[in-house]
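Notes for the structure review
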Amino acid sequence: MGEGRPGVAATLRALNGVLGRPAALWVKESGARNLRHRDFLAPRAALSAAFPGGQVPPEAVSAVPSLRGPAVLPLRVCRQTPAGLAVQVRRPEAFQRLLGPLPGPAPPAAGTRTGCVVLHCPALRGPAALQPRHLRSVLLADHLAQLLRAQGVGVRLVPALTEERSRDVLRQLRICWPSGSGGSSLAGAVSALKAALGRCPCAAACEQGPGTAEGVIFKVHLKSFVEQQGLVGYDPNLDVLLVTEGTLWSLAELQEAVLQCPVSDPPALPASCFPSSSCCSIIHVVNCEEEFQQQQLDVLWRILDPGAHPALQKHLVCGSVKVTNPSLPIGADQYFQLRKRQMYEASVIKYGELAQDEAWTEVIDTLTVAAIRFEMLSTAHRSQITLDLENNSISTKGTKSGAFVMYNCARLATLFDTFQQAVERGTYPPLPPVSELNFSCLQEEGEWLLLFNYLLPFPEVLQQAAQLPPSSKGIQITVNTERVCKFLIQLSMDFSSYYNRVHILGEPFPHLFDQMFARLQLLGAVRDVFHSALATLHLPPLSQI
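- Naming follows an unreviewed UniProt entry, where the protein appears as DALD3 protein of Edolisoma coerulescens.

**Some remarks on the overall build of the protein**
- Each helix and strand in the protein was counted, giving 18 helices and 14 strands.
- Here the contacts in the protein between residues at least 6 apart in sequence split such that 76% fall between residues at least 24 apart.

**Here's the deal with the packing of helix 14 (residues 402-425) against helix 17 (residues 482-501)**
- Direction vectors running N to C along helix 14 and helix 17 enclose 45°, while the axes themselves pass 9 Å from each other. Looking at the two axes, helix 14 sits oblique to helix 17. The crossing of helix 14 and helix 17 is left-handed. Contacts between helix 14 and helix 17 involve Phe404, Val405, Asn408, Arg411, Leu412 and Leu415 from the former and Leu488, Ile489, Ser492, Met493, Phe495, Ser496, Tyr499 and Asn500 from the latter.
- For the contact of helix 14 with helix 17, a count of residues per class yields 9 nonpolar, 4 polar and 1 charged.

**A closer look at the side chain of Glu482**
- In this fold, Glu482 is placed in helix 17.
- For the buried residue Glu482, which engages in no salt bridge, the nearest side chain bearing the opposite charge is Lys486, 4.9 Å off.
- Other than its neighbours up to four places away in sequence, Glu482 contacts Leu377, Ser378, Thr379 and Ala380.

**Quick look at the pattern of salt bridges**
- On inspection of all chains with the given rule, the structure shows 17 salt bridges.
- Salt-bridge contacts for Asp168 lead to Arg171; the nearest nitrogen and oxygen are separated by 2.7 Å. Placement of both Asp168 and Arg171 in helix 7 (residues 164-172) is noted, with a separation of 3 residues, approximately one turn of the helix.

**Brief notes about the side chain of Arg519**
- Secondary-structure assignment places Arg519 in helix 18 (residues 510-535).
- Among the polar contacts listed, one links the side chain of Arg519 to the side chain of Tyr498, at a separation of 3.5 Å.
- For Arg519, the contacting residues outside a window of four places in its chain are Leu442, Glu444, Glu447, Tyr498, Val502, His503 and Ile504.

**Comments concerning the pairing of strand 11 (residues 313-318)**
- Taken across its 6 residues, strand 11 has 6 buried, putting it largely inside the fold.
- Side-chain alternation along strand 11 places Gln313, His315 and Val317 on one buried face and Lys314, Leu316 and Cys318 on a second face that is also buried.
- Of the strand pairs in this sheet, strand 10 (residues 281-287) and strand 11 are connected by 6 bridges, and their pairing is parallel. When the bridges of strand 11 are listed, His284 appears paired with His315.
- In the sheet, strand 11 pairs with strand 14 (residues 476-477) via 2 bridges, with the strands oriented parallel. Directly across from Leu316, in strand 14, lies its bridge partner Ile477.

**Describing the packing of aromatic side chains**
- Counted by the stated rule, this structure contains 12 aromatic pairs.
- Note that Arg527 overlies the ring of Phe416, its terminal NZ or CZ placed 4.3 Å from the centroid.

**Notes on the pairing of strand 4 (residues 84-89)**
- Most of strand 4 sits out of view: 6 of its 6 residues are buried.
- Of the pairings in the sheet, the one linking strand 3 (residues 75-81) to strand 4 comprises 6 bridges and is antiparallel in character. In the sheet register, Cys78 faces strand 4, and the bridge partner there is Val87.
- Counted between consecutive antiparallel strands, the loop separating strand 3 from strand 4 contains 2 residues.

**Considering the nonpolar core**
- Residues Leu19, Trp26, Trp177 and Leu523 are the most contacted members of the largest nonpolar core, which totals 137 residues.
- Element by element, the count of residues in this core is highest for helix 18, at 13 residues.
- In this structure Leu523 touches Leu412, Leu415, Phe416, Leu450, Phe495, Tyr498 and Ile504, once residues within four positions along its chain are discounted.
- Formed by 38 residues, the second largest nonpolar core is a distinct cluster that contains Ile217, Ile282, Leu297 and Leu304.

Rules used throughout
- Residues numbered from 1 in each chain as written.
- Predicted model: local features only at pLDDT ≥ 70, side-chain atom pairs only at ≥ 80, totals over all residues.
- Heavy atoms only, no water.
- Helix = DSSP H or I, 4+ residues; strand = E, 2+ residues; numbered from the N terminus.
- Contact = heavy atoms within 4.5 Å.
- Axes fitted to C-alpha atoms, helices over the stretch in contact; angles between N-to-C directions.
- Parallel < 35°, antiparallel > 145°, perpendicular 65-115°, else oblique.
- Left-handed = near helix turned anticlockwise from the far one by under 90°.
- Nonpolar A, V, L, I, M, F, W, Y, C, P; charged D, E, K, R; others polar.
- Buried < 20%, exposed > 50% of the residue type's maximum accessible area, 1.4 Å probe, protein only.
- Lys, Arg positive; Asp, Glu negative; His and termini not counted.
- Salt bridge = Lys/Arg side-chain N within 4 Å of Asp/Glu carboxyl O.
- Polar contact = N/O pair within 3.5 Å; in protein donor to acceptor, adjacent residues only side chain to side chain.
- Pairing = 2+ DSSP bridges.
- Phe/Tyr/Trp six-rings, centres within 6.5 Å; stacked < 30°, edge-to-face > 60°.
- Lys NZ or Arg CZ within 6 Å of the ring centre and 35° of its normal.
- Core = buried A, V, L, I, M, F, W, Y, C linked by side-chain atoms within 4.5 Å.

Have a look at this one:
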């Protein structure tokens, strides 16, 4: 049998292929109840639509357990059931193949030229203080950047921060965003854009005087250009844009970011929505209140630069952020401080005086960042989110929160610290190599649940979260970055249930070591998945809570 790390997609492809039908007939089970009896199912309704009378040829059924492939799970049996065709995996062998190196995306080969994406976040422009609604788009851009980088894609973040207030807020939230001095190097590009506007038939220069808005240097007729070019997806109210120096500085910075993208070969973007002839793509990550203004900038760029890059612009729009019970308008910094105070109070309730120790300052900060990131990022970006700022909606107990995820990550760290200390005392021998472990000892249903629902699909979860949609005529795109937070929440719930039910570090009797070592290997891989997923959120694992 070919070796390699098994995957869900490859196994489903092999199962569909053996039935000889183009339709996708098989589904992966995930619920604990169904996993007691089967791992994959071809539902009766799907079989009835694909085969006369729903009867699958016997030779196809008998061929299923013989399926082989580098990324195909080892299959044990395929049988007809009232629900449909049911397949079970050879579980000890699946444990053996999956519990090796960290289950994550392979790094790009040396010298590989990858694609580049410019992520533009207009919320970070200007001197105005950041609001919670701005944070959502910034956090989304930061998270998407990490996910794309994990797939080997180059990312540039725009604009460079010039306001110290914004730097401080982003630093508190562990958002890694580039800083700049204000763009003196862009002066030449701005002059070139002014000259292009002077030659543009859609633009008219504005002289300062009565009736002219302060700072406006050109009026540009966008609507006629959109209609002439047949552009789809733009707001029908786009008409005349009043162009200022700031508008041109924004465009110049975008142009510079595109030119500095580190590739010249066609990009290797995941499910890219951009033509393969381009070397860079631009995604504007905006909240719904900024969408109109960003469309104006988009069209202006298309007018001034007839090249390929402006045509590759796409808009990733975040839904609104509704704030309930605000006593006063609240900025992003006040939002962070409020959540930090609430997290401190919740920690004192749970941990008592321990949470008041200075050593807990970093823990409280990390829990606060986790709470905010999950609050903002666990909902699909198109949907509205609601922040309840008056009631203490932050808790260390809720199973849907970032604090709950961090708590379970810390439980794993404590488990392995305790084991290592016991090894140093001579209570247990060191953990043997994977090849010497007996995974047939893993019979508890929670163990298969952790492997089959989390370790197995984890690389595909990261790929899907970073996936850009197929090409379309419109300008808006959607991504599924919320899958990472939802994955971590569900993993935490299932791990917590298993950990509360099963005693991992048992009595130091040699006849119990096989099971203990197999369980530690499994939980070591779970810990690695936690760490890798949290890294895409810029959250460091906690060693204690």
